[in-house]
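Single-letter residue listing:
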Amino acid sequence: MSMCDELGPGQPYLEEYVEEAGKTSLCATDGTNCDEKSLQYLEKFKAKDKAAWTAQAERLEGLEAGDMKPDLKDWIKKRKKILLSLLSEHESKAEL
């Protein structure tokens, strides 16, 4: 299978790779491109601090290793991406 077939249209892998490598999410920390569920989660965690984000990301990492339905695993991945985006944004602001 060629790279274009594996990462091309109809495959979620390229989007997942870009989000993971860039430590970002399509659901931006300002709420753009978020579905309702993700937006509620984002708003809940924006009010918390870096320690809470880190603890929650670690907790989700542990949960992700377990067996579960695909939709639940996807929700864990979305939450992790949101938290990593918050952490990345916090680190960027701290460098300034």
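The structure displayed is predicted, hence computed values, not measured ones.

The subject of this paragraph is the packing of helix α3 (residues 36–46) against helix α4 (residues 50–64). Where α3 meets α4, the axes come as close as 10 Å, and the angle between the chain directions of the two elements is 135 degrees. Taken together, the axes of α3 and α4 lie oblique to each other. Here Tyr41, Phe45 and Lys46 of α3 come into contact with α4, specifically with Ala52, Trp53, Gln56 and Leu60. Here the residues of the contact of α3 with α4 are counted per class, giving five nonpolar, one polar and one charged.

Inspection of α3 places Ser38, Tyr41, Leu42 and Phe45 among the buried residues, and these make up the whole buried set. Mapping the buried residues of α3 onto a view down its axis gives an arc of 100 degrees, with all of them on the same face. Opposite its buried face, α3 presents the exposed residues Glu36, Gln40 and Lys44, each directed more than 90 degrees away.

This part covers the environment of Glu61. If you trace the backbone, Glu61 turns up in helix α4. Exposure remark for Glu61: the relative accessible area of 45% places this residue in the partly exposed category. On a C-alpha basis, the gap between Glu61 and Lys77 in space is 8.8 Å, while along the polypeptide they are 16 residues apart.

When you line up the elements, Glu64 lands in helix α4. Of the polar contacts made by the side chain of Glu64, one reaches the side chain of Lys80; its length is 2.6 Å. The residues contacting Glu64, other than those within four sequence positions of it, are Lys73, Ile76, Lys77 and Lys80.

Taken as a whole and judged by the stated rule, the model has two aromatic pairs. With centroids separated by 4.7 Å and ring planes inclined at 40 degrees, the aromatic side chains of Tyr41 and Phe45 adopt a geometry described as tilted. Residue Tyr41 and its partner Phe45 are both found in helix α3; the two are separated by four residues, about one turn of the helix. The same class applies to Tyr41 and to Phe45, which are both buried. Centroid distance Tyr41 to Trp75: 5.8 Å. Interplanar angle 75 degrees. Geometry classified as edge-to-face. Here Tyr41, found in helix α3, pairs with Trp75, found in helix α5 (residues 70–95); they are 34 residues apart in sequence, far enough to count as distant. Both residues of the pair, Tyr41 and Trp75, count as buried. Among the aromatic side chains, those forming a connected cluster through ring pairs are Tyr41, Phe45 and Trp75. The ring of Trp75 carries the charged tip of Lys37 above its face, separated from the ring centre by 4.6 Å. A cation sits over an aromatic face here: Lys48 above Phe45, 5.7 Å from the ring centre.

Our focus in this paragraph is the pattern of salt bridges. Any two side chains of opposite charge can pair, so long as their charged atoms come close to each other. Applying the stated criterion across every chain, the model contains four salt bridges. With a shortest N-O distance of 3.0 Å, Lys80 and Glu61 are connected by a salt bridge. Placement of the pair is Lys80 in helix α5 and Glu61 in helix α4, with a sequence separation of 19 residues. Close ionic contact of Lys80 with Glu64 constitutes a salt bridge, the shortest N to O distance being 2.6 Å. Here Glu64 lies in helix α4 and Lys80 lies in helix α5, a separation of 16 residues in the sequence. Taken together, the salt bridges that share partners define one network made up of Glu61, Glu64 and Lys80.

Calculation notes
Here the residue index of a chain counts from 1 through its sequence in written order. Reporting of local features is limited, given that this is a predicted model, to residues whose pLDDT is at least 70; pairs of side-chain atoms are given and counted only at 80 or more, and all residues count toward the totals for whole chains, interfaces and linings. Computation of side-chain values covers all heavy atoms of the structure but excludes hydrogens and water. Orientation is described by axes fitted as lines to C-alpha atoms, over the contacting stretch for helices, and by angles from 0 to 180 degrees between their N-to-C directions. Comment: elements are numbered from the N terminus, with helices defined as DSSP H or I runs of at least four residues and strands as E runs of at least two. Orientation categories follow fixed angle ranges, with anything under 35 degrees roughly parallel, anything over 145 roughly antiparallel, 65 to 115 roughly perpendicular, and all other angles oblique. Any two residues whose heavy atoms approach within 4.5 Å are treated as being in contact. Each residue is assigned to one class: nonpolar for Ala, Val, Leu, Ile, Met, Phe, Trp, Tyr, Cys and Pro, charged for Asp, Glu, Lys and Arg, and polar for all the others, Gly among them. Burial classes follow relative accessibility: with a 1.4 Å probe on protein chains only, a residue under 20% of its type's maximum area counts as buried, one over 50% as exposed, and anything between as partly exposed. As used here, the arc is the angular range of directions from the helix axis to the C-beta atoms. Here a polar contact means two N or O atoms within 3.5 Å. Within protein one must be a hydrogen donor candidate and the other an acceptor candidate, and residues neighboring in sequence count only if both atoms are side-chain atoms. Between 30 and 60 degrees the pair is tilted, below 30 it is stacked and above 60 it is edge-to-face, where a pair is any two Phe, Tyr or Trp rings, Trp via its six-membered ring, whose centres lie within 6.5 Å. Criterion for a charge above a ring: Arg CZ or Lys NZ at most 6 Å from the ring centre, at most 35 degrees from the ring normal. Salt bridges are defined as contacts in which a side-chain nitrogen from Lys or Arg sits within 4 Å of a carboxyl oxygen from Asp or Glu.

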